[in-house]
Every structure is written in structure tokens, then in C-alpha cells.
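Secondary and tertiary structure notes
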Amino acid sequence: MNKTYVTPVHPGEVLLDELEELNLSVEQLAAHIGETVDTINKICQSQLRFNAELAMKLSKALGGSPQFWLNLQNNWELSQVKESSYKDIKPVAA
């Protein structure tokens with residue numbers, strides 16, 4: 001059986017796609033959910049991570065569950081971990 005691996009995308013890219021699809025500006029979203037424009041811009045530019053509060057706000061404003069947004073973040077972060085940082089670690093228990 002062939003395994004297909006998908007490289008996770010930063011949740012900011014997904015957010016940017018959502019904004020484009022809804023024809024919504026970063027400024028409009030920021031004002032709507034009570035965040036700064038700088039915060040939303042940094043997320044869209046993959047420079048800032050999502051947290052639980054932002055996931056709740058995006059869920060209410062754009063749909064999807066808060067878990068959807070947090071899972072995007074977690075999957076992205078896991079994909080960025082270098083194998084060299086853990087490859088020599090052995091299990092503690094059998």
C-alpha cells in the first residue's frame with residue numbers, strides 16, 4: 001500500500017484563503033473579531049501562531065470548529081520539528 005503524505009500548511013494560509021473567498025479584508029476581520037490588524041497580518045504571513053482564544057473567535061466569525069483552527073496550527077508545528085531533535089531518544093518503558 002502506498003502512503004501519501006501531505007505537507008501541512010500554516011493556518012495563516014488557510015485564513016488568507018478564507019478571507020479572499022469571502023472578499024473580506026484583514027482590517028474588516030480584525031475589527032469584527034476584536035483583534036489588531038497587525039495580529040491578523042502576522043498570522044496571514046505565517047509569522048504568528050494561533051491560540052485557543054483566536055481559534056474561538058475565528059470559529060464564530062468564519063465557521064469551522066475551534067479544533068479545526070488549532071489542529072491546523074498543531075499539524076504545522078509538528079511538521080516543522082527536525083528529526084535530529086528526537087532521533088536518539090529511546091522509549092523509557094517497554
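Overview of the structure.

Considering the nonpolar core
In terms of nonpolar packing, the biggest core is built from 17 residues, with Leu15, Leu29, Ile40, Phe50, Leu58 and Trp69 touching the most fellow members. At the level of secondary structure, the elements contributing two or more residues to this core comprise helix H1 (11-22), helix H2 (26-33), helix H3 (37-44), helix H4 (52-62) and helix H5 (66-79). The contact partners of Leu58, leaving out residues within four places of it in the chain, are Leu15, Leu29, Ile33, Phe50, Gly63 and Trp69.

Here we look at the packing of aromatic side chains
The relation between two aromatic rings is expressed through the spacing of the ring centres and the mutual angle of the planes. Taken as a whole and judged by the stated rule, the model has two aromatic pairs. Between Phe50 and Trp69, the aromatic rings sit 5.7 Å apart at their centres with planes inclined by 10°, giving stacked as the arrangement. On the criterion of sequence distance, the pair formed by Phe50 in the loop between H3 and H4 and Trp69 in helix H5 is long-range, its members being 19 residues apart. Here Trp69 falls in the buried class, since its relative accessible area comes to 1%. Through a chain of ring-to-ring contacts, three or more aromatic side chains come together here, namely Phe50, Phe68 and Trp69.

Topic: the pattern of salt bridges
Opposite charge on two side chains lets them pair, provided their charged atoms get close. For the structure shown, the criterion picks out four salt bridges. Of the charged contacts, one joins Arg49 and Glu77 as a salt bridge, the two residues approaching to 2.7 Å between their closest N and O atoms. On the criterion of sequence distance, the pair formed by Arg49 in the loop between H3 and H4 and Glu77 in helix H5 is long-range, its members being 28 residues apart. Judged by relative accessible area, which is 44%, Arg49 ranks as partly exposed. Overall, Glu77 belongs to the partly exposed group, its relative accessible area being 30%.

Points about the side chain of Gln73
You can see Gln73 is positioned in helix H5. Not counting residues within four places of it along the chain, the set of residues in contact with Gln73 comprises His10, Pro11, Arg49 and Phe50.

Regarding H4
For an α-helix, 3.6 residues make a turn, and residues three or four places apart therefore share a direction. All of the buried residues in H4 are Leu54, Ala55, Leu58, Ser59 and Leu62. Down the axis, H4 shows its buried residues gathered within 140° of arc, on one side only. Facing away from the buried side of H4 by over 90 degrees, the exposed positions are Glu53 and Lys60. Where H4 begins, the side chain of Asn51 points an oxygen toward the backbone nitrogen of Glu53, at a separation of 3.2 Å. Directly beyond the C-terminal end of H4, a positive phi value near 95° is found at Gly63.

What counts, and where the lines are drawn
- Residues numbered from 1 in each chain as written.
- Predicted model: local features only at pLDDT ≥ 70, side-chain atom pairs only at ≥ 80, totals over all residues.
- Heavy atoms only, no water.
- Core = buried A, V, L, I, M, F, W, Y, C linked by side-chain atoms within 4.5 Å.
- Buried < 20%, exposed > 50% of the residue type's maximum accessible area, 1.4 Å probe, protein only.
- Helix = DSSP H or I, 4+ residues; strand = E, 2+ residues; numbered from the N terminus.
- Contact = heavy atoms within 4.5 Å.
- Phe/Tyr/Trp six-rings, centres within 6.5 Å; stacked < 30°, edge-to-face > 60°.
- Salt bridge = Lys/Arg side-chain N within 4 Å of Asp/Glu carboxyl O.
- Arc of directions from axis to C-beta.
- Polar contact = N/O pair within 3.5 Å; in protein donor to acceptor, adjacent residues only side chain to side chain.

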